Amino acid sequence: QLTAKDVQTWFATFTDKIRENKEYLSDLDTPIGDGDHGNNMARGVNAYEESFEQKQPDTISDIFQVFSMAMISKVGGASGPLYGSALMNMVKETKGIETIDSYEQLGNIVEQGLAGIKKRGKTEFEDKTMVDVWEPVAQTLKEGSLNKEQIAQAKEHTKDLIAKKGRASYLGERSKGHIDPGAASSTLLFDALVETME
Ligand code: ADP
Ligand code: MG
Ligand code: MG
């Protein structure tokens, strides 16, 4: 079971992970993008933290809302509106609920988030984007589990794909051999979730 407090812990853990991995994320974005993904995400989580302090949201839906607005308004870069759309769909999916009570329910919430990214980004599975982590995570949750190995595998799988969306797609074949930065930041998000549920 996840309470609003647990969702708060989830995002606080994610915030820490983004800060710790800021350089790593920007380094992944250097060969196949513009080298700013770590900085973009750090701006997002900083804005989230600040806004959280001000607004003190106390429902799951409102916490998603604060996170969504922070990502949309402060990130700049493709990843902001994409995370923002995911979270906005998760706001809708959790309206009025006090706790998340099962893996299946959590899977449905993540699946709605995934749908937001796909719609906003016009993205499919294996386009070498964050979708390649969100989609298997949603699926695995719906089947009743989630662990870090599964998430790491999904991230690794982006390495040999050819990018079809975003800046990396300009490289075509040459995007092969590099992990997608958005898949890596999404891995941190779901690793933080696993740690919260432990
Ligand atoms: P920018 O490319 O504008 O500098 P970031 O570096 O912050 O933005 O984010 C890049 C990440 O955004 C990529 O690694 C990829 O995961 C994700 N991304 C980019 N375009 C799309 C898209 N159309 N659909 C899904 N994800 C995308
Ligand atoms: Mg970038
Ligand atoms: Mg950029």
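Note that the structure is predicted; figures quoted are calculated from it, not measured. (Residues numbered from 1 in each chain as written. Chains lettered and ligands numbered in written order. Predicted model: local features only at pLDDT ≥ 70, side-chain atom pairs only at ≥ 80, totals over all residues. Heavy atoms only, no water.)

Is there a simple way to explain the nonpolar core in this structure?
Taken as a class, soluble globular proteins show a tendency for nonpolar side chains to be buried jointly. Counting 54 residues, the largest nonpolar core has W10, F11, F14, F64, W134 and F190 as its most contacted members. A per-element tally of this core places helix α9 (residues 181–197) first, with eight residues. Discounting chain neighbours no more than four positions away, the residues touching W134 are Y83, A86, M90, V110, G113, L114, I117, S186, L189 and F190. (Core = buried A, V, L, I, M, F, W, Y, C linked by side-chain atoms within 4.5 Å. Buried < 20%, exposed > 50% of the residue type's maximum accessible area, 1.4 Å probe, protein only. Helix = DSSP H or I, 4+ residues; strand = E, 2+ residues; numbered from the N terminus. Contact = heavy atoms within 4.5 Å.)

Explain the packing of helix α3 (residues 37–55) against helix α4 (residues 60–74) here, please?
One can describe the packing of α3 onto α4 by two numbers: an axis separation of 8 Å at closest approach and a directional angle of 135 degrees. Comparing the axis directions of α3 and α4 gives the class oblique. In the packing of α3 onto α4, the handedness of the crossing is right-handed. Residues M41, R43, G44, A47, Y48, S51, F52 and K55 of α3 form the contact with α4, whose participating residues are I63, V66, F67, A70, M71 and K74. Tallied by class, residues from the contact of α3 with α4 come to nine nonpolar, two polar and three charged. (Axes fitted to C-alpha atoms, helices over the stretch in contact; angles between N-to-C directions. Parallel < 35°, antiparallel > 145°, perpendicular 65-115°, else oblique. Left-handed = near helix turned anticlockwise from the far one by under 90°. Nonpolar A, V, L, I, M, F, W, Y, C, P; charged D, E, K, R; others polar.)

Got a minute to help me understand α3 in this structure?
Helical periodicity: at 3.6 residues per turn, an α-helix aligns residues three or four positions apart in one direction. Taking 1.5 Å of rise per residue, 19 residues should cover 27 Å, and α3 covers 27 Å from first to last C-alpha, within 8% of that figure. All buried positions along α3 are accounted for by H37, G38, N40, M41, A42, G44, V45, A47, Y48, S51 and F52. At the exit of α3 stands Q56, carrying a positive phi of roughly 45 degrees. (Expected span 1.5 Å × (residues − 1).)

So what exactly am I meant to see when it comes to the coordination of the magnesium ion (ligand 3) here?
Each pair of donors in an ideal four-coordinate tetrahedral metal site encloses 109.5 degrees, whereas pairs in an ideal six-coordinate octahedral site enclose 90 or 180 degrees. Around the magnesium ion (ligand 3), the protein contributes the donor atoms D34 (OD) and D36 (OD), which lie 2.1 to 2.2 Å from the metal centre. A distance of 3.5 Å spans the gap from the magnesium ion (ligand 3) to the magnesium ion (ligand 2), which D34 bridges by coordinating each metal. (Donors = N, O, S within 2.8 Å, 3.2 Å for Na, K, Ca; no water.)

Would you take a moment to explain the coordination of the magnesium ion (ligand 2) for this structure?
Every protein donor of the magnesium ion (ligand 2) is accounted for by D29 (OD), D34 (OD) and D36 (OD), and the metal-donor separations fall at 2.1 to 2.2 Å. Among the residues examined, D34 registers a relative accessible area of 37% and is labelled partly exposed.

Hey, could you run me through helix α6 (residues 103–121) in this one?
Between its first and last C-alpha atoms α6 spans 26 Å; for 19 residues at 1.5 Å apiece the expected length is 27 Å, and the two agree. Each element contacted by the buried residues of α6 is listed here: α4, α5 (79–93), α7 (131–142) and α9. K122 occupies a position one or two residues after α6 and carries a positive phi of about 50 degrees.

For this particular structure, what's the right way to read the side chain of K17?
Mapped onto the secondary structure, K17 falls in helix α1 (residues 4–20). With residues up to four places along the chain from it excluded, the contact list for K17 reads L188, D191, A192 and E195.

Looking at this model, I keep getting lost on the environment of E53. Mind explaining?
Within the secondary structure layout, E53 lies in helix α3. Overall, the relative accessible area of 54% leaves E53 in the exposed class. Between the C-alpha atoms of E53 and E111, which are 58 residues apart in sequence, the distance is 28 Å.

Where do I start with the layout of surface pockets in this structure?
Where empty space is left becomes clear once a probe the size of a water molecule has been rolled over the atoms. The volume enclosed by the largest pocket comes to roughly 480 Å³. Taken together, 24 residues form the lining of the largest pocket, with A78, S79, L82, G166 and R167 sitting closest to its centre. Looking at the lining of the largest pocket residue by residue, the classes come out as seven nonpolar, ten polar and seven charged. (1 Å grid on protein atoms, 1.4 Å probe; cavity = no way out; pocket = protein on both sides within 12 Å on 5 of 7 lines; lining within 4 Å. Points joined across faces, edges and corners; volume = space filled by probe spheres on them.)

Is there a simple way to think about unusual backbone geometry in this case?
Phi is mostly negative for residues that are not glycine, and the peptide bonds are mostly trans. One non-glycine residue, K122, lies in positive phi territory at about 50 degrees. Positive phi, normally seen in glycine, also occurs at E126, with a value near 70 degrees. Residue E126 is classed as partly exposed on the basis of its relative accessible area, which comes to 34%.

No statement about biological role is implied by the geometric values presented.
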